[in-house]
Amino acid sequence: MQHRQLFLSYMAQTTDFPLLIDIERAEGVYLYGPDGKRYLDLISGIGVSNVGHRHPKVLAAIQGQLDKYLHTMVYGEYVQSPQTLLAQALVETLPAPLDNVYLMNSGSEAVEGALKLAKRYTNRRELISCVDAYHGSSQGALSVGGNERFKRAYRPLLPGVRHIVYGAYSHLERITTDTAAVIIETVQGEAGVRVACSQYFQALRRRCDETGTLLILDEIQAGFGRTGSFWAFEDFGIVPDILVCAKGMGGGMPIAAFISSKEKMKVFANNPILGHITTFGGHPVSAAASLATLKLIREGGLVDAVHRKARRFHELLKHPLIKGIRNKGLLMAVQFESFAILKPIIDLAIAKGVITDWFLFCDDAMRIAPPLTISEEEIAEACSILLEAINESPA
Ligand code: PMP
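Residues numbered from 1 in each chain as written. Predicted model: local features only at pLDDT ≥ 70, side-chain atom pairs only at ≥ 80, totals over all residues.

A.B. asks: Mind laying out unusual backbone geometry, listing which residues take part and the relevant values?
C.D. replies: With omega at 5°, the peptide bond leading from alanine 96 into proline 97 counts as cis. Note the cis peptide between arginine 155 and proline 156, where omega equals 5°. Residue placement: proline 156 occurs in the loop between α7 (148-151) and β6 (161-164). With a phi angle near 55°, serine 44 is a residue other than glycine that sits in the positive phi range. With respect to the helices, strands and loops of the structure, serine 44 is situated in helix α2 (residues 44-47). According to the C-beta neighbour criterion, serine 44 is buried, with 27 such atoms within 10 Å. A positive phi angle, close to 70°, is found at aspartate 132, a residue other than glycine. With respect to the helices and strands, aspartate 132 occurs in the loop between β5 (126-130) and α6 (139-143). (Helix = DSSP H or I, 4+ residues; strand = E, 2+ residues; numbered from the N terminus. Buried ≥ 20, exposed ≤ 12 C-beta atoms within 10 Å, placed from the backbone.)

A.B. asks: I'd like a description of the pairing of strand β17 (residues 362-368), backed by residues and values.
C.D. replies: With 5 of its 7 residues buried, β17 lies for the most part within the structure. For strand β14 (residues 331-335) and β17, the ladder comprises 4 bridges, and the chain directions are antiparallel. Within the sheet, the bridge partner assigned to methionine 332 lies in β17 and is isoleucine 368. The sheet contact formed by strand β16 (residues 357-359) and β17 spans 3 bridges and is antiparallel. If you follow phenylalanine 359 over to β17, its bridge partner there is cysteine 362. In textbook terms, the turn of a hairpin is the stretch between consecutive antiparallel strands, and for β16 and β17 this stretch comprises 2 residues. (Pairing = 2+ DSSP bridges.)

A.B. asks: Now, about the site of the ligand: what can you tell me, with residues and values included?
C.D. replies: Taken together, 15 residues lie near the ligand, and Gly107, Ser108, Gly136, Ile220 and Gln221 sit nearest. Residue contributions to the shell around the ligand peak at 3 residues, all from helix α5 (residues 107-122). For the shell around the ligand, a count of residues per class yields 5 nonpolar, 7 polar and 3 charged. (Near = placed C-beta within 6 Å. Nonpolar A, V, L, I, M, F, W, Y, C, P; charged D, E, K, R; others polar.)

A.B. asks: Tell me about helix α11 (residues 302-316), and name the residues and values.
C.D. replies: With 15 residues, α11 extends 21 Å from end C-alpha to end C-alpha; this agrees with the ideal 21 Å at 1.5 Å per step. Looking at α11, one finds that the buried residues are Leu302, Val303, Val306, Lys309, Ala310 and Phe313. In this structure, the buried residues of α11 make contact with α10 (284-299), β13 (324-328), β14, β17 and α13 (376-392). (Expected span 1.5 Å × (residues − 1). Contact = placed C-beta atoms within 7 Å.)

A.B. asks: Please give an account of the packing of α11 against α13 that cites residues and values.
C.D. replies: Contact pair α11 / α13: the axes reach a minimum separation of 10 Å and the direction vectors enclose 30°. In terms of orientation, α11 lies roughly parallel with respect to α13. Of the two possible hands of crossing, α11 and α13 adopt the one that is right-handed. Contacts between α11 and α13 involve Lys309, Arg312, Phe313 and Leu316 on the former and, on the latter, Glu376, Ile379, Ala380 and Cys383. Of the residues contributing to the contact of α11 with α13, the split by class is 5 nonpolar, no polar and 3 charged. (Axes fitted to C-alpha atoms, helices over the stretch in contact; angles between N-to-C directions. Parallel < 35°, antiparallel > 145°, perpendicular 65-115°, else oblique. Left-handed = near helix turned anticlockwise from the far one by under 90°.)

A.B. asks: Quick one: what's the story with the domain arrangement of the protein chain, residue by residue and with numbers?
C.D. replies: What the domain assignment reports for the protein chain is domain 1 (2-55 + 302-392) and domain 2 (57-299). The distance between the C-alpha centroids of domain 1 and domain 2 comes to 26 Å. Each side of the interface is counted separately: domain 1 has 27 residues, and domain 2 has 30 residues. Of all the secondary-structure elements, those providing two or more residues to the side of domain 1 that touches domain 2 are α11, β13, β14 and β17. The element best represented in the side of domain 1 that touches domain 2 is α11, accounting for 4 residues. Looking at the side of domain 1 that touches domain 2, its residues break down into 16 nonpolar, 8 polar and 3 charged. (Domains from an automatic or database assignment.)

A.B. asks: Let's hear about the pairing of β13: which residues, and what values?
C.D. replies: In the case of a regular strand, side chains alternate between the two sheet surfaces. Across 5 bridges, the pairing between β13 and β14 is antiparallel. Residue pairing across strands places asparagine 327 opposite methionine 332, the latter belonging to β14. Here β13 hands over to β14 after 2 residues, with glycine 329 in that stretch at a positive phi of 60°.

A.B. asks: Lay out the nonpolar core in plain terms, naming residues and giving numbers.
C.D. replies: Ile216, Val244 and Ala257 are the most contacted members of the largest nonpolar core, which totals 115 residues. Tallying contributions element by element places α10 first for this core, with 9 residues. Formed jointly, this core draws a minimum of three residues from each of two domains, domain 1 (2-55 + 302-392) and domain 2 (57-299). The contacts of isoleucine 216, once residues within four sequence positions are left out, are Ala114, Ala118, Ala181, Val182, Ile183, Pro240, Asp241, Ile242 and Val244. (Core = buried A, V, L, I, M, F, W, Y, C linked by C-beta atoms within 7 Å.)

A.B. asks: Could you give an account of α5, with specific residues and numbers?
C.D. replies: If you check α5, its first and last C-alpha atoms are 23 Å apart, about what 16 residues at 1.5 Å a residue would give, namely 22 Å. α5 sits mainly inside the fold: 13 of its 16 residues count as buried. Just downstream of α5 lies asparagine 123, where phi reads positive at about 60°.

Below you can see the structure in the form of structure tokens.
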């Protein structure tokens, strides 16, 4: 209780409804409160803990790096093996020409880098993004965000940003030879898990090729195995010009990247205009954790099991108050009629030891994005508690 008071007194609040769960430790899919109360984590710290909390191999990689060095120099000056090995391993997961990695600290920052690269490479100024997109909270990332309510108070933002509707073919004509880049989430996360089909992404790719526009895919939430392939775009038969990743990438440590081709990235090295720079981007401890995470996801059979596990949620979560489930792999949204119905269900579920929440731009859908390591038994446990919460809710 004391910590909760300190939290409310001293920490700036960013939401009307903080979940206010007091956490003392975490292990696998579980979080534990100071009173020993156990919570099954169905949201993974918002799509971060794909390999579970404190995976032993991630901890070992962190420890190994702690024994060597922490920060030595700003990104890209000294040769630091955790960064070089991670960059190589990332490139090995990707098709040509994605062969050059710029490491950052957070998703928003990586989006900023990707947008700057697109402007610099194309020498164009217009950016196109989707209605209801979320790309981050910094001003460039907010500018390409697709929710006016979140942006209004911060205008003027970046000029030259236009929006298209995710999945709408007719809007692709708005991409022209003035457009530097289209930035798009492979799966729209904060819009409540919206998945466009591969034909749409192929048409988008064609339009970008016709107009010389760069295609930036934001896989900050969808990447690193979450959707049932290592990268969500693998299913769509396209290759982006720039790929952005973060969240699950660090196995619980902060790290992000934008990845493109050497040919494009080299515009950043053309002096005298400073390309892009970061003090902590690709921190060696985070990079070591990320390499261990990448190997776990690639080699541990986690990705193969994602669709089977998602099917279990579909089979078990049946109730008249549930209006449908949208998902790509273990990025899932369980739709309810309204926030007024959903909120008491979430509160009850948390009281019963299952953590879930809603989406930034879709507050009538419940977020389900558990660690990919979740077992069949844990899925059954989570679903039975969720159904109990739904049954006991006032709705
Ligand atoms: N893009 C997407 C698709 C995201 O889901 C998020 C985070 N929710 C971001 C960008 C921003 O990442 P960060 O919070 O690490 O800045």
